Amino acid sequence: MGYCFGIDIGGTTVKIGLAAEDGALLEGWEIPTRREPTPEGLLLDIRVSILDRLDRGLDGGKKQKIRRADILGIGMAAPGAVTADGILHGAVNIGWGDVALAEEAERILGISPVCVGNDARLAALGEAAYGAGVGARSMLMVTLGTGVGGGVVLNGKVLMGESGVAGEIGHMTVNPFETVRCNCGKTGCLEQYASATGMVRVAKQMLAKRREDSLLRQKEVTAKTLWDAAKAGDALANEITDAVSAYLGMALANAMYLVDTEKIVFGGGVSKAGELLLQKVEKAYRSRVFAHSREKEFLLAKLGNAAGMRGAAALLLQKIR
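Note that the structure is predicted; figures quoted are calculated from it, not measured. (Residues numbered from 1 in each chain as written. Predicted model: local features only at pLDDT ≥ 70, side-chain atom pairs only at ≥ 80, totals over all residues. Heavy atoms only, no water.)

Student: Tell me what's going on with the overall build of the protein chain, and back it up with residues and numbers.
Tutor: A count of helical and extended segments in the protein chain gives nine helices and 13 strands. Its C-alpha atoms give the protein chain a radius of gyration of 20 Å, near enough to 20 Å, the size a compact globule of 321 residues would have. For the C-alpha atoms alone, the extent of the protein chain along its principal axes is close to 65 × 40 × 40 Å. Every one of the 321 residues in the protein chain was classed for burial, and the buried ones make up 55%. In the protein chain, 59% of the contacts between residues at least 6 apart in sequence involve partners at least 24 apart. (Helix = DSSP H or I, 4+ residues; strand = E, 2+ residues; numbered from the N terminus. Rg over C-alpha atoms; globule rule 2.2 N^0.38 Å. Buried < 20%, exposed > 50% of the residue type's maximum accessible area, 1.4 Å probe, protein only. Contact = heavy atoms within 4.5 Å.)

And the structure:
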């Protein structure tokens, strides 16, 4: 049997998973993300970590060792737009500019091939292959965290696009009258309303305009306290969550006119709001889409923080089959 590594490069940690040829995750671990202007130092850290794991064997040496010759390649998820040639076009969260990441990784890691994709897109592929999307022909995943990420999987393949931005739903314009700029430089992006920070922004704006009592006036406003207050029946919190859900529903309706997937999956920290989030967003979606497109399955992601590295491994396995 062959094996591969799935690697998910984040702003704080790098998640590394060793997977079997059938996609089963055998072991996963993390190392700190080294922040430098180029990826060389971080790739060296990854090399040391994976070679050490191979030399020691699985489960701290209690299980079998895997020979380097049995490694089929590496899948790598990176936080930025990635094109089909393996070039990462900027990674703002880490401080890199444009870099031929696949080529650099093959050179430094000494393993080939290395297949690179955007982290949100590969998280969607991971959920489609091993998580909430199993059994579906197509799936759209929306990741609600500090920002809003997205990914589309059609017939089992992740959609990357010519410029590497296919599925970037967080920067779909949902309010053309917004004057505050998004981190991307545009205005009116979904991320400004539906990310964790965006929801807090909307909540604080509404709290400043209104006078009625609310649980949100008694504690620090976060995405979690906002949704907890809504679950507790707080009227203003429910009005705010309805408002941000309306933006999400609008964006999803627009996305369905292009990709028309079977399932819509929510991941990221905000998705811990659970069924209430699904109910509100689905209601908003159904009010804005064609009648024959309303019956989509709205689901919560299952893989958590492992989605990116599992999707990265899935990308590699698809490429070599």
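Once you've had a look at it, read on.
Student: Go over the packing of helix α6 (residues 223-231) against helix α8 (residues 275-286), please, and point to the residues and values.
Tutor: The interhelical angle for the contact between α6 and α8, taken along N-to-C directions, is 85°, at an axis separation of 10 Å. The angle between α6 and α8 falls in the class roughly perpendicular. Residue-level contacts link Trp 227, Ala 230 and Lys 231 of α6 to Leu 276, Leu 277 and Lys 280 of α8. Tallied by class, residues from the contact of α6 with α8 come to four nonpolar, no polar and two charged. (Axes fitted to C-alpha atoms, helices over the stretch in contact; angles between N-to-C directions. Parallel < 35°, antiparallel > 145°, perpendicular 65-115°, else oblique. Nonpolar A, V, L, I, M, F, W, Y, C, P; charged D, E, K, R; others polar.)

Student: Tell me about the pairing of strand β1 (residues 3-9), residues and numbers included.
Tutor: Taking burial as the measure, the seven residues of β1 include seven buried ones, the bulk of the element. Bridge count between β1 and strand β2 (residues 13-20): seven bridges; the pairing is antiparallel. What sits directly across from Asp 8, in β2, is Lys 15. In sequence, β1 turns back onto β2 through a hairpin of three residues. Inspection of the sheet shows β1 paired to strand β4 (residues 71-78) by six bridges, in the parallel sense. Paired with Gly 6 across the two strands is Gly 75, which belongs to β4. (Pairing = 2+ DSSP bridges.)

Student: So what about the layout of surface pockets? Which residues, and what values?
Tutor: Approximately 310 Å³ is the volume found for the second largest pocket. Around the second largest pocket, the lining comprises 18 residues; the ones closest to its centre are Ala 84, Val 116, Met 160, Leu 315 and Lys 319. A per-element tally of the lining of the second largest pocket places strand β8 (residues 114-118) first, with four residues. Grouping the amino acids of the lining of the second largest pocket by side-chain chemistry returns nine nonpolar, five polar and four charged. (1 Å grid on protein atoms, 1.4 Å probe; cavity = no way out; pocket = protein on both sides within 12 Å on 5 of 7 lines; lining within 4 Å. Points joined across faces, edges and corners; volume = space filled by probe spheres on them.)

Student: Just give me the short version of the pattern of salt bridges, but keep the residues and values in it.
Tutor: Enumeration over the complete set of coordinates arrives at 16 salt bridges. For the salt bridge of Arg 34 with Asp 45, the shortest nitrogen-to-oxygen distance reads 2.7 Å. Here Asp 45 lies in helix α1 (residues 40-56) and Arg 34 lies in the loop between β3 (25-32) and α1, a separation of eleven residues in the sequence. Arg 34 sits in the partly exposed class, given a relative accessible area of 32%. In this structure, the salt-bridge partner of Arg 210 is Glu 239, at a minimum N-O distance of 2.8 Å. Placement of Arg 210 in the loop between α5 (196-209) and α6 and of Glu 239 in helix α7 (residues 235-259) is noted, with a sequence separation of 29 residues between them. Here the residues in one salt-bridge network are Arg 34, Glu 36 and Asp 45, joined through shared partners. (Salt bridge = Lys/Arg side-chain N within 4 Å of Asp/Glu carboxyl O.)

Student: Lay out empty space enclosed by the protein in plain terms, naming residues and giving numbers.
Tutor: Per the counting criterion, the structure on display carries one cavity of 30 Å³ or more. Approximately 40 Å³ is the volume attributed to the largest cavity. What lines the largest cavity is simply Gly 6, Gly 17, Ala 19, Gly 23, Leu 25, Tyr 130, Met 309, Arg 310 and Ala 313. Elements that contribute at least two residues to the lining of the largest cavity include exactly β2 and α9 (307-320). The leading source of residues in the lining of the largest cavity is α9, at three residues. Considering only residue class, the lining of the largest cavity consists of five nonpolar, three polar and one charged.

Student: Residue-level account of the packing of aromatic side chains, with values.
Tutor: Both the distance between ring centres and the angle between the ring planes are used here to describe each pair of aromatic rings. Per the stated rule, a full pass over the model turns up five aromatic pairs. Look at Phe 5 and Trp 29: their rings are 6.4 Å apart centre to centre, the planes differ by 90°, and that puts the pair in the edge-to-face class. Taken together, the residues span a long stretch of sequence, with Phe 5 in strand β1 and Trp 29 in strand β3 at a distance of 24 residues. Here the two residues Phe 5 and Trp 29 agree in accessibility, since each one is buried. For the pair Tyr 193 and Tyr 247, a centre-to-centre distance of 4.2 Å together with 20° between the ring planes defines the contact as stacked. Of this pair, Tyr 193 sits in helix α4 (residues 191-194) while Tyr 247 sits in helix α7, placing them 54 residues apart in sequence. Looking at Tyr 247, the relative accessible area reads 22%, which means it is partly exposed. Aromatic rings pair up to connect Phe 266, Tyr 285 and Phe 298 into one cluster. (Phe/Tyr/Trp six-rings, centres within 6.5 Å; stacked < 30°, edge-to-face > 60°.)

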